Amino acid sequence: MEADHLNKRRNTTKACQECRKRRTKCDGRTPSCNRCSNRKVLCEYTSEADKRRPTPKAHVLMLEDRINLLEKALEFHSLDVEQSPGTFASSPYNRSKEVEGTLTVEASLNFDQDGEFRYFGPSSGRLQFQTDPVETSGTGANISEKNQLIKSVMKDNQVSTELKDHLLDLYFAWEQPWCWVVNERLFRESEKDGGRFCNPLLLNSILAIASRFTDRVEVRSDPSDPNTAGSLFFDNTQVLLHYDLKWPTITTIQSLSIMGTMYVAVGADAAGWLHQGMANRLAIDMGLNLDPMSMQRAATISEEEIQLRRQVYWALYCHDKLFASYTGRICTMLSFQGVVSLPKVDSSCQGREDTWSFQTDDRFPLFTIRTSFTSLQYSIVTLCQILEQILLKLYAPQPLNRTSERSAFLLSCTAELDTWYRDLPSEMRIESSAPAMRAPQVFTLHMTYHTAVILLHKPFLSEGRPNYSSKKPYDPSTTNPTAINASSVCCQAAEGICDLAEKYRQIFGSFRRCPLTATHCTLMAALISLQIPQSSKRPDKAPFDMCANVLRELSDSWRPPKRLLESLLVLRTKKSEAMESTNLGEPNSLAVSSSQGADDFLEANSDITMHDWGSFLGDSSATPFLVGDDLAFSTYTLPEDYSIYGDYSQGF
């Protein structure tokens, strides 16, 4: 009996080379397993680490809870939980899903007078009046008139070829991989040959936003003011857009999206929101939310344009979610409004598909990083789909109100985010053990993921919050466990953002050319550091300092980070004064006076790179009133939108 027990195979996570080659079970014994001993062959174990990772128990429990919720949903709709999946696959409902989009799209795309596709749904009553592209050839006079107007505008606004190429390289290296609204190959070919995928409006829009990434003074209207970078090209877009909107094309959509980012870059959030909304509306007008492959008339669209339409749609979709979270407004492009396959990008469609090259400045060498922009785009889209649900369920004007519904959503969405993170392809991963050479947009992707985690858990910080007006001592046991868990998760996410920021700075030098999205991510981490002070293994350091430096570096390219940093410093001062007045902790040595600005603070702390949860607000056990604080302050909404048109002639 004892011999049988000894011969029974033990569970092992490591097998010898011989058993691996024969695909047989190995007991993992050393120096020789039983199978190799019996066969009298050499038994060797590889020194490479086993890359298989066991699934955490918490993740398994989370998935089990989610399955239970889904089963209850099926029962609520009178569906048999034990029914075979094959039965569902053959149901009439599922068969209708197979042709979703086709039934309503086949006869709904007409050619407008300018030869562009325009979408009209079945309710429009226009489906019987289809036109063909050959019938629109008489509009050549309109196009000719438009070209003459453009030439008259552009004749006095010439840019050197060297500067133009420099700015285009900056755009396609730093901005386009994150906001991939433009196809680089199609654009460059059209720019060279006069094709339809490049026009003066799109070119000037790209040159304007790329000017934010360079220190060359010739792109500024005021050489002494970096915030005027790109304004010379941006002036051109204002005039050209007036003519382009009369005969909008897909390049008009691309230009509007880029102009929306440019407006935000100079501090005009409302104008940026407006232009981004115009791009979204035109995308619906041209049917970009419906996959061209579902149309019987798809033969009238080239394969490269089909891929471009998909690419532009998903770029707009992701930009909408990032813009909505940045402004705290509702999403305008929702998943159920579109039936579009993810863009398929290969080496023939993107000039930087397999490699990404960069040189931050003369101090850093030229690096080349192998990456996959297909994986990056897919990862951004799937993350934004989760972010959409967070914004709709928790931050919309009509969010979930019932505690049970909110708790169920928290559980299910946490599982979705965890699954998204675990399923990331290897080239999209950033391991914590060692710095990884990844494209800069991969770091922004991970910062956005941690921001989504914060946004998911932040509404639960106030659940079970104690009554601050009470004079009784605070009892930690009265705090809701959900709020305690939310505080812990938010702290971990904020610290993750700070860790990513430190690695980013080590590789790329600074956030000088990072996408604008990093501003909101850094802001969330900074607010959490103020909202939930935590004790740390290194209590002499604080994450707020890392966030402050990141915002300072971002402010070299974008206007909002500097203004947000100034408000954060004011808020931190108020927190410190409130703590000092209640004698709950000692005033922090890094506290700033209300009159001290961002420049003064950052000049004194320019070398700070620490990011651990610090004690500038005292020990967390001594400041319970800060847990769950919503940080509502009037300067949080900071756009300068309403004065931009009056000050436009004076520069940005």
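Values in this document were obtained by computation on a predicted structure and should not be read as measured data.

Thresholds, definitions, all that
- Residues numbered from 1 in each chain as written.
- Predicted model: local features only at pLDDT ≥ 70, side-chain atom pairs only at ≥ 80, totals over all residues.
- Heavy atoms only, no water.
- Helix = DSSP H or I, 4+ residues; strand = E, 2+ residues; numbered from the N terminus.
- Contact = heavy atoms within 4.5 Å.
- Areas by Shrake-Rupley, 256 points an atom, 1.4 Å probe, with all protein chains shown as cover.
- Salt bridge = Lys/Arg side-chain N within 4 Å of Asp/Glu carboxyl O.
- Buried < 20%, exposed > 50% of the residue type's maximum accessible area, 1.4 Å probe, protein only.
- Axes fitted to C-alpha atoms, helices over the stretch in contact; angles between N-to-C directions.
- Parallel < 35°, antiparallel > 145°, perpendicular 65-115°, else oblique.
- Left-handed = near helix turned anticlockwise from the far one by under 90°.
- Nonpolar A, V, L, I, M, F, W, Y, C, P; charged D, E, K, R; others polar.
- Expected span 1.5 Å × (residues − 1).
- Phe/Tyr/Trp six-rings, centres within 6.5 Å; stacked < 30°, edge-to-face > 60°.
- pLDDT = per-residue confidence, 0-100.
- Core = buried A, V, L, I, M, F, W, Y, C linked by side-chain atoms within 4.5 Å.

Caption draft 1: Quick look at the overall build of the protein chain. Within the protein chain, the secondary structure is distributed over 24 helices and 4 strands. Sequence separation of 24 or more characterises 71% of the internal contacts of the protein chain that already satisfy a separation of 6 or more. By element, 51% of the accessible surface of the protein chain is carried by carbon and sulfur atoms, the whole surface being about 32,200 Å².

Caption draft 2: Structural detail: the pattern of salt bridges. Summed over the entire model, instances satisfying the criterion amount to 16 salt bridges. Lys 21 is paired through a salt bridge with Glu 18; the nearest N and O atoms lie 3.8 Å apart. Of this pair, Lys 21 and Glu 18 both sit in helix H2 (residues 17-22), 3 residues apart, roughly one helical turn. Using a relative accessible area of 64% as the deciding quantity, one classes Lys 21 as exposed. Given the relative accessible area of 15%, Glu 18 is considered buried.

Caption draft 3: Spatial organisation of unusual backbone geometry. In this structure, Pro 31 follows Thr 30 across a cis peptide bond, with omega equal to 5 degrees. Mapping Pro 31 onto the fold places it in the loop between H2 and helix H3 (34-39). Residue Lys 40 is not a glycine yet carries a positive backbone phi of 55 degrees. With respect to the helices, strands and loops of the structure, Lys 40 is situated in the loop between H3 and helix H4 (57-76).

Caption draft 4: Structural detail: the packing of helix H14 (residues 269-285) against helix H15 (residues 303-327). Two numbers describe how H14 lies on H15: the axes approach to 11 Å, and their chain directions differ by 150 degrees. Classified by the interaxial angle, the pair formed by H14 and H15 is roughly antiparallel. Read as a crossing pair, H14 and H15 show a hand that is left-handed. Along the contact surface, H14 presents Asp 269, Gly 272, Trp 273, Gln 276, Ala 279, Asn 280 and Ala 283, while H15 presents Leu 316, His 319, Asp 320, Phe 323, Ala 324, Tyr 326 and Thr 327. By residue class, the composition of the contact of H14 with H15 is 7 nonpolar, 5 polar and 2 charged.

Caption draft 5: The environment of Phe 120, seen in detail. Tracing the backbone through its elements, the reader meets Phe 120 in the loop between strand S2 (117-119) and helix H8 (140-154). Taking C-alpha positions, Phe 120 is 9.6 Å from Ile 284, a pair spaced 164 residues apart along the chain.

Caption draft 6: Structural detail: H14. For H14, spanning 17 residues, the distance from its first C-alpha to its last is 24 Å, which sits close to the expected 24 Å at 1.5 Å a residue. Of the residues flanking the end of H14, it is Gly 287, one or two places downstream, whose phi is positive at about 70 degrees.

Caption draft 7: Up close: the packing of aromatic side chains. Considering all chains together, one arrives at 15 aromatic pairs under this definition. On the numbers, 6.3 Å between centres and 50 degrees between planes, the contact of Phe 323 with Tyr 326 is tilted. Of the two residues, Phe 323 and Tyr 326 are both situated in helix H15; the distance of 3 residues between them amounts to about one turn of the helix. On the basis of relative accessibility, which here comes to 5%, the residue Phe 323 falls in the buried class.

Caption draft 8: The arrangement of the packing of helix H18 (residues 440-457) against helix H19 (residues 481-508) in detail. Close contact between H18 and H19 brings their axes to 9 Å; oriented N to C, the two are set at 165 degrees. On the basis of their axis angle, the class for H18 and H19 is roughly antiparallel. The handedness of the crossing between H18 and H19 comes out as left-handed. Residues of the contact of H18 with H19, tallied by class, amount to 15 nonpolar, 6 polar and 1 charged.

Caption draft 9: Main features of helix H12 (residues 231-244). Over its 14 residues, H12 runs 19 Å from end to end, which matches the ideal 20 Å to within 8%, given 1.5 Å per residue. Buried within H12 are the following residues: Ser 231, Phe 233, Phe 234, Asn 236, Thr 237, Leu 240, Leu 241, Tyr 243 and Asp 244.

Caption draft 10: Inspection of the confidence of the model for the protein chain at higher detail. Scored by pLDDT, the protein chain comes out at a mean of 74, with 64% of its residues at no less than 70. Throughout residues 86-107 the model reports pLDDT below 50, and contacts reaching past four residues in sequence, or to other chains, amount to 19 contacts. Below pLDDT 50 for its whole length, residues 134-140 participates in 6 contacts with residues either more than four positions away or in separate chains.

Caption draft 11: Just the nonpolar core, in detail. In this structure, Tyr 171, Val 182, Phe 187, Ile 253, Ile 390, Leu 417 and Phe 511 are the most contacted members of the largest nonpolar core, which totals 137 residues. Residue contributions to this core peak at 13 residues, all from H19. If we skip the residues at most four places from it in the chain, Phe 187 touches Leu 168, Phe 172, Val 182, Phe 197, Cys 198, Leu 202, Leu 203 and Ile 206. Membership of the second largest hydrophobic core comes to 7 residues, among which are Ala 15, Cys 19, Cys 26 and Cys 33.

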